[in-house]
Amino acid sequence: MDINALLTSAGINIALCVVLFSFYSVLRKQPSNVNVYFGRRLASQHSRRVDVCLERFVPSPSWILKSWETTEEEILAIGGLDAVVFVRMLVFSIRVFSIAAVICLALVLPINYHGRDRTHKYIPFESLEVFTIENVKEGSTWLWAHCLALYVITFSACTLLYIEYKSITNLRLLHIVGSPPNPSHFTILVRSVPWSSEESYCETVKKFFSHYHASAYLSHQMIYKSGKVQKLKDDAEHVCKVLKNASLEKTCKPSFRHCCSGASTNSFKKISNEMDSVNGGTDNTDMNLETTKKECAAAFVFFKSRYAALMAAKVLQTPNPMLWVTDVAPEPHDIYWSNICVPYRQLWIRKIATLVASIAFMLVFLIPVTFVQGLTQLDKLQKMFPFLRGIFKEKIVNQVVTGYLPSVILVLFFCAVPPMMMLFSSVEGSISRSERKKSACCKVLYFTIWNVFFVNVFTGSVITQLSVFTSVTDLPAQLAKAVPSQATFFTTYVLSSGWASLACEVIQIFPLLCNIFQRFILRLKEDALDSSLSFPYHTEVPRVLLFGFLGFTCSILAPLMLPFLLFYFFLAYLVYRNQIINVYITKYDSGGQFWPIAHNTTVFSLIFSQLIALGVFGLKRSSVASGFTIPLLIGTLLFHQYCRQRFLPIFKSNSAQACFRL
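Residues numbered from 1 in each chain as written. Predicted model: local features only at pLDDT ≥ 70, side-chain atom pairs only at ≥ 80, totals over all residues. Heavy atoms only, no water.

Student: Can you walk me through the overall build of the chain in this structure?
Tutor: The helix and strand inventory of the chain stands at 28 helices and 4 strands. Across the 662 residues in the chain, those meeting the buried criterion constitute 51%. Partitioning the contacts of the chain with sequence separation of at least 6, the portion at a separation of at least 24 is 83%. For the chain, the exposed area adds up to about 32,200 Å²; of that, 64% sits on carbon and sulfur atoms. (Helix = DSSP H or I, 4+ residues; strand = E, 2+ residues; numbered from the N terminus. Buried < 20%, exposed > 50% of the residue type's maximum accessible area, 1.4 Å probe, protein only. Contact = heavy atoms within 4.5 Å. Areas by Shrake-Rupley, 256 points an atom, 1.4 Å probe, with all protein chains shown as cover.)

Student: How should I be thinking about the environment of Pro343 in this particular structure?
Tutor: Along the polypeptide, Pro343 turns up in the loop between β4 (325-328) and α13 (347-364). We classify Pro343 as partly exposed; its relative accessible area is 42%. The spatial distance from the C-alpha of Pro343 to the C-alpha of Gly429 is 9.4 Å, given a sequence separation of 86 residues.

Student: What exactly am I supposed to notice about α13 here?
Tutor: Counting along an α-helix, one turn takes 3.6 residues, and residues three or four places apart therefore face a common direction. The terminal C-alpha atoms of α13 lie 25 Å apart, and with 18 residues this matches the ideal 26 Å at 1.5 Å per residue to within 8%. Of all the residues in α13, the buried ones are Leu347, Thr354, Ser358, Phe361 and Met362. Each buried residue of α13 lies within a common arc of 100° when the element is viewed along its axis, so the set occupies one face. Facing away from the buried surface of α13 by more than 90 degrees, the exposed residues are Trp348, Val356, Leu363 and Val364. (Expected span 1.5 Å × (residues − 1). Arc of directions from axis to C-beta.)

Student: I tried to follow the nonpolar core on my own but got confused; where do I start?
Tutor: Generally speaking, nonpolar side chains in soluble globular proteins are found buried as a group. Counting residues in each nonpolar core, the largest one holds 138 residues, and the members touching the most others are Phe86, Phe97, Phe453, Leu550, Ile556 and Phe569. A per-element tally of this core places helix α5 (residues 72-113) first, with 21 residues. The residues contacting Phe97, other than those within four sequence positions of it, are Gly548, Gly551, Phe552, Leu562, Leu565, Leu566 and Phe569. Grouped together as the second largest cluster of nonpolar side chains are 18 residues, Val193, Phe208, Met222 and Ala313 included. (Core = buried A, V, L, I, M, F, W, Y, C linked by side-chain atoms within 4.5 Å.)

Student: Could you clarify how one ought to interpret helix α24 (residues 561-582) in this entry?
Tutor: With 22 residues, α24 should reach 32 Å at 1.5 Å per residue; the first-to-last C-alpha distance of 32 Å fits that figure. Extensive coverage of α24 is indicated by the burial of 19 of its 22 residues.

Student: What should I look at first to understand the pattern of salt bridges in this one?
Tutor: Where charged atoms from two side chains of opposite charge approach closely, those side chains can pair. The final tally for this structure, using the stated rule, is 8 salt bridges. Note that Arg95 and Glu164 form a salt bridge whose closest N and O atoms lie 3.3 Å from each other. Here the residue Arg95 occupies a position in helix α5, and Glu164 occupies one in helix α6 (residues 143-178), the gap between them amounting to 69 residues. For Arg95, a relative accessible area of 43% gives the class partly exposed. Relative accessible area serves as the criterion here: at 4%, Glu164 is assigned to the buried category. Measuring nitrogen to oxygen at the nearest pair gives 2.8 Å for the salt bridge that ties Arg543 to Glu540. Taken together, the residues span about one helical turn, with Arg543 and Glu540 both in helix α23 (residues 537-554) at a distance of 3 residues. When its relative accessible area of 23% is taken as the criterion, Arg543 is described as partly exposed. Note on Glu540: relative accessible area 5%, which makes it buried. If you follow the salt bridges from partner to partner, you end up with Glu72, Arg88, Arg95 and Glu164 in one network. (Salt bridge = Lys/Arg side-chain N within 4 Å of Asp/Glu carboxyl O.)

Student: How should I be thinking about the packing of aromatic side chains in this particular structure?
Tutor: Describing an aromatic ring pair means giving the distance of the ring centres and the angle of the ring planes. This model, assessed by the stated rule, comprises 49 aromatic pairs. Aromatic side chains Phe86 and Tyr537 sit 6.3 Å apart centroid to centroid with 75° between the ring planes, which places their arrangement in the edge-to-face category. In this pair, Phe86 sits in helix α5 while Tyr537 sits in helix α23, placing the two residues 451 residues apart along the sequence. Exposure class is identical for Phe86 and Tyr537. Each is buried. Feature note: the residues Trp450, Phe453, Phe454, Phe490, Phe549, Phe604 and Phe608 constitute an aromatic cluster, connected by ring pairs. (Phe/Tyr/Trp six-rings, centres within 6.5 Å; stacked < 30°, edge-to-face > 60°.)

Student: Explain the state of the cysteines to me, please; I cannot follow it from the model alone.
Tutor: All chains considered together, the criterion is met by 1 disulfide. Between the sulfur atoms of Cys296 and its disulfide mate Cys341 the distance is 2.1 Å. Taking the sign of the torsion about the S-S bond as the criterion, the disulfide between Cys296 and Cys341, at about 90°, is right-handed. In this pair, Cys296 sits in strand β3 (residues 295-303) while Cys341 sits in the loop between β4 and α13, placing the two residues 45 residues apart along the sequence. (Disulfide = S-S within 2.5 Å.)

Student: I would appreciate a short explanation of the sheet that holds strand β1 (residues 187-191) in the present structure.
Tutor: Pairing between the strands of a sheet is mediated by backbone hydrogen bonds and can be parallel or antiparallel. If you walk across this open sheet you meet the 4 strands as β2-β3-β1-β4, and the pairing is antiparallel. Each having just a single partner strand, β2 (217-224) and β4 make up the two edges of the open sheet. With direction set aside, neighbouring strand axes in the sheet form an average angle of 25°. Relative to β3, β2 is paired through 6 bridges, and the arrangement is antiparallel. Among the inter-strand pairings, His220 is bridged to a residue of β3, identified as Val301. The strands that helix α12 (residues 306-314) touches are β1, β3 and β4; relative to β4, the one it contacts most, it runs at about 135°. (Pairing = 2+ DSSP bridges. Axes fitted to C-alpha atoms, helices over the stretch in contact; angles between N-to-C directions.)

Student: Would you explain the side chain of Ser626 in this entry?
Tutor: Tracing the backbone shows Ser626 in helix α26 (residues 623-646). Within the structure, the side chain of Ser626 is placed 3.0 Å from the backbone oxygen of Ser622, a separation counted as a polar contact. Dropping the residues within four chain positions of it, Ser626 is found in contact with Leu614, Phe617 and Gly618. (Polar contact = N/O pair within 3.5 Å; in protein donor to acceptor, adjacent residues only side chain to side chain.)

Student: So what exactly am I meant to see when it comes to a nonpolar patch on the surface here?
Tutor: Nonpolar side chains collect at one region of the surface, where Ile509, Leu513, Ile516, Phe517, Phe520, Ile521, Leu522 and Leu524 lie side by side and expose about 730 Å² of accessible area between them. With respect to the secondary-structure elements, Leu513 resides in helix α22 (residues 509-521). Note on Leu513: relative accessible area 51%, which makes it exposed. (Patch = residues over 30% accessible without salt bridge, like charges linked within 9 Å, V, L, I, M, F, W, Y side chains within 5 Å.)

Student: Which parts of the structure should I look at to understand the environment of Ile99?
Tutor: The residue Ile99 is located in helix α5 in this model. For Ile99, a relative accessible area of 34% gives the class partly exposed. Considered as a pair, Ile99 and Ser156 are 57 residues apart in the sequence and their alpha carbons are 7.7 Å apart. With residues up to four places along the chain from it excluded, the contact list for Ile99 reads Val152 and Ser156.

Student: Which parts of the structure should I look at to understand the packing of α5 against α23?
Tutor: Packed helix pairs are characterised by how far apart their axes lie and by the angle those axes make with each other. Across the interface, α5 lies against α23 with an axial gap of 11 Å and an inter-helix angle of 15°. On the basis of the axis angle, α5 is roughly parallel to α23. Here the hand of the crossing between α5 and α23 comes out left-handed. Residues Gly79, Asp82, Ala83, Phe86, Met89, Leu90, Ser93, Val96 and Phe97 of α5 form the contact with α23, whose participating residues are Tyr537, Glu540, Val541, Val544, Gly548, Gly551 and Phe552. In terms of residue class, the contact of α5 with α23 is built from 10 nonpolar, 4 polar and 2 charged. (Parallel < 35°, antiparallel > 145°, perpendicular 65-115°, else oblique. Left-handed = near helix turned anticlockwise from the far one by under 90°. Nonpolar A, V, L, I, M, F, W, Y, C, P; charged D, E, K, R; others polar.)

Written out as structure tokens, the structure reads:
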């Protein structure tokens, strides 16, 4: 791929961004789109009135100024601590890659360009490989510059990571101490309550906590099975009992036919009332048995103080850890009711099943990734399919196919990944929506890093995709050879998946189409239109961290990526702040639980970039650069271990000192 192909991809994405941002600045001014672009304001103000401006058909940058001027305190009040953490991820990326861009473009890029004695072409026709570390000859003494740049980037990243981790930890402590009183603060969730034939779950829970937590126990609330299927099942059982005890056969038969005819779900309840009137009501014993059947082996237990609830949630209740399992209760809006009644003994089976399903989904996804990589290497593709040679002779076709089409196809295939991972996280058994979204975030992150980076690096083309895995011992050397050659693809991926995704995010294509369909085709009133969207952390956090991973890995290998990556983070900073302010509604807050994911991923990116650099320095026969990289690797690992000991426990549990302040 040459510079022209890269500029073609950049031009297409810039034009797409300009068009979509212009459309957005006009569409957001239309009164009919208020519930799409101002959903959060509607939810907070309970009003759908919008000032109709005479200039509402003219594009304007007012939304950019508004998102830029909004302070962090306002973001915290609007979107909660999770929104602040997400914005901090973008700020950290802007800072660290600004430093990386300055050092790499000023020092590394000229050395890469003049790394070999060769006749250079006119820059627009130069191959992108000329600007990578591949162009540096073996044994070059200039590789110390790459090692120096790696040191500067690592020290800058670790310093900024420490500052951000400390600041976000303080914000989390303030969030715990300063949050208004909430019933969930004094509540724990108890699961796997042992079954007793002599007493109900309710009596078992009351007896247990009255005995072992007598001084702090206040009350409890049992959890009952819910859902449409369970309701139909309970109504059907009740009807069968009534029909069995009915004395009038003629009255029963028509009613039974009406039940099975597929009418409304309330049919069972209506017939039950009729049968009750005929039979003089149901027996109290039957009602008690029915209530006992509906009870789950789970309950919410209330305590007199927040400290007592915290201690009860963390202590092991019995010698058998599979019984009386306690956790801190989620916020009321955060509870994921579908998994509350899942038997605790099933959770480990569910986790294994979702792990196997995720791995299988990753393997299936190799097919589109391999196809995409075939488009990036047209010479091998033409050998396999000779009839394509005539088509690829056209210069513009060649540039579009190699510079734009592969990454676009990959982005389209990735649209199916977040919903699938959210489904896996639901099946896994998370008891809160924030925990489910956090689990889905990790799955999407692993999936994208594996498929976007490792699979693209290893496959290379359809012909060589299987030969890479024949020798596991040569894996580091293969990575050192393959990553610089695939850096050009990652640059185009940043353009297509990064810039274009931000344009699609701000214009909200799917909600906009749904709004048009509901308003102008279904003719729904404004009060019937749903505008309750929550921030998709499980898709946006992995995207930001993936680009950070690509930036760290390719910073000294292909520094030409850094300006495009830096522009993405600047644009993302404005777009996501605008979405948090206007669009997304915050129903629950995990208290900044996404930052440890960002920290761990960033440290992994640094360590992986150092390992790749170590391998490249070895292939280039630079013993000095290789020797100085090893202490940097050890220092990064020690820094990560210190942060795990110093900050991570605060994100795992609340401190007793913080609870006593309330």
